[in-house]
Amino acid sequence: KAKNGRTVTRHSPTKEAWHLLVKAKGLAAMAITKSWNAMYDRKILPRIWQHSETVQLGKNNGKKGCFAIRLINKLDAAGNTWFRQVWQGAKTTKRDFAFWFYEHRRRKQAILLQNVLTWKLRTRKWDHFTSCHDVANAFPSPHTHKLDEMVDACAPVESRSILKARYKECTMEINTTNTGKLTIKPGCG
């Protein structure tokens, strides 16, 4: 069973099931490891790892149409596990001021840090200002060339093409009211 109410694509076992298989010491774990190493060596991925089913969640914001819906992607749990292992070879630096995408750092911590800094400046009577922006999309989507730059800067040369395939070759399946399911290629991160 997936924890926290998470769901996976209809053809995939849960992330927890994959972790149990990969961490086991039996024949299944050896077979998975051997096939995953071969995929890495040949730079070939199962197409299903590049495809996501989407779930439409209402934003409850009083708007209509697309502005009232948030799409959540259900990705293949095996693909996520495999890509996480490939990313472990990347060299990244955890910066003190960085939040959100780092493990154990949350948006609320960034807000708290900003509030403490503002308080310190105010108590010392130093001039300052804070610029806050309301973004329509909570998850920014960088351009493909920026994602390429990041992968080139962080990942080992032998992993770059396969990591770039994660976003360059992805497709999404969206449920529609008139045609049932529609498969699209987003074209950016």
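These numbers were taken from a predicted model, which means no experiment stands behind them. (Residues numbered from 1 in each chain as written. Predicted model: local features only at pLDDT ≥ 70, side-chain atom pairs only at ≥ 80, totals over all residues. Heavy atoms only, no water.)

1. Description of helix α2 (residues 27-42)
Selection criterion: Secondary structure follows DSSP: runs of H or I at least 4 residues long count as helices, runs of E at least 2 residues long count as strands, and numbering of each begins at the N terminus. Expected helix span is taken as 1.5 Å per residue step, with the number of steps being one fewer than the number of residues. Relative accessibility decides the category of a residue: with a 1.4 Å probe and only protein chains considered, values under 20% of the type maximum give buried, values over 50% give exposed, and everything between is partly exposed. What the arc describes is the spread of directions from the helix axis to the C-beta atoms.
The end-to-end C-alpha distance of α2, which contains 16 residues, comes to 22 Å, matching closely the 22 Å that a straight helix rising 1.5 Å per residue would cover. When we look at burial in α2, the residues that qualify are A29, I32, W36 and M39. Angularly, the buried residues of α2 cover 95 degrees about the axis, an arc narrow enough to put them on a single face. Of the residues in α2, the exposed ones pointing more than 90 degrees away from the buried face are L27, M30, K34, D41 and R42.

2. Section: the packing of helix α1 (residues 15-23) against α2
Heads up, the condition is: Axes here refer to lines fitted to C-alpha atoms; in helices the fit is confined to the stretch in contact. Angles between the N-to-C directions go from 0 to 180 degrees. By the definition adopted for this analysis, an angle is roughly parallel if under 35 degrees, roughly antiparallel if over 145, roughly perpendicular if from 65 to 115, and oblique otherwise. It only takes one pair of heavy atoms within 4.5 Å for two residues to be counted as in contact. Here the term charged refers only to Asp, Glu, Lys and Arg, the term nonpolar to Ala, Val, Leu, Ile, Met, Phe, Trp, Tyr, Cys and Pro, and the term polar to all other amino acids, Gly among them.
At a minimum axis separation of 7 Å, α1 and α2 run at an interaxial angle of 95 degrees. Viewed along their axes, α1 and α2 adopt a mutual orientation that is roughly perpendicular. Contact residues: W18, L21 and V22 in α1; A28, A29, I32 and W36 in α2. Residues that form the contact of α1 with α2 fall into these classes: seven nonpolar, no polar and no charged.

3. Structural notes on the packing of aromatic side chains
Our working rule: Each pair of aromatic rings taken from Phe, Tyr and Trp, with Trp reduced to its six-membered ring, is defined by centres within 6.5 Å and is described as stacked if the planes are under 30 degrees apart, edge-to-face if over 60, and tilted in the remaining cases.
Applying the stated rule across the entire model yields four aromatic pairs. Here the aromatic rings of W36 and W49 are separated by 5.9 Å at their centres, their planes lie at 85 degrees, and the arrangement is edge-to-face. Of the two residues, W36 sits in helix α2 while W49 sits in the loop between α2 and β1 (51-58), which places them 13 residues apart along the sequence. The same class applies to W36 and to W49, which are both buried. Between the aromatic rings of W49 and W82, the centroid separation amounts to 5.6 Å while the plane-to-plane angle is 40 degrees, which identifies the pairing as tilted. Here W49, found in the loop between α2 and β1, pairs with W82, found in helix α3 (residues 77-87); they are 33 residues apart in sequence, far enough to count as distant. For W49, a relative accessible area of 6% puts it in the buried group.

4. A short note on unusual backbone geometry
Its identity as a non-glycine residue notwithstanding, K43 has a phi of 60 degrees, on the positive side. Among the structural elements, K43 can be located in the loop between α2 and β1. For K43, a relative accessible area of 33% gives the class partly exposed. Of note in this structure, N60 is not a glycine but carries a positive phi near 55 degrees. For N60, the position within the fold is in the loop between β1 and β2 (69-74).

5. Focus: the sheet that holds β1
The condition that has to hold: A pair of strands counts as paired when DSSP detects no fewer than two bridges linking them.
As summarised here, the arrangement of the four strands in space is β2-β1-β3-β4, forming an open sheet in which the pairing is mixed. The two strands at the open ends of the sheet, each matched to only one other strand, are β2 and β4 (180-184). Neighbour-to-neighbour, the strand axes of the sheet open up by a mean angle of 35 degrees, direction not taken into account.

6. Comments concerning the confidence of the model for the chain
This is how the line gets drawn: The pLDDT value tells you how sure the predictor is about a given residue, anywhere from 0 up to 100.
In this model, the chain carries an average pLDDT of 80, and 81% of its residues clear a pLDDT of 70 or more. For the chain, α1 is the element with the lowest average pLDDT, namely 75, and helix α6 (residues 157-168) is the one with the highest, namely 90.

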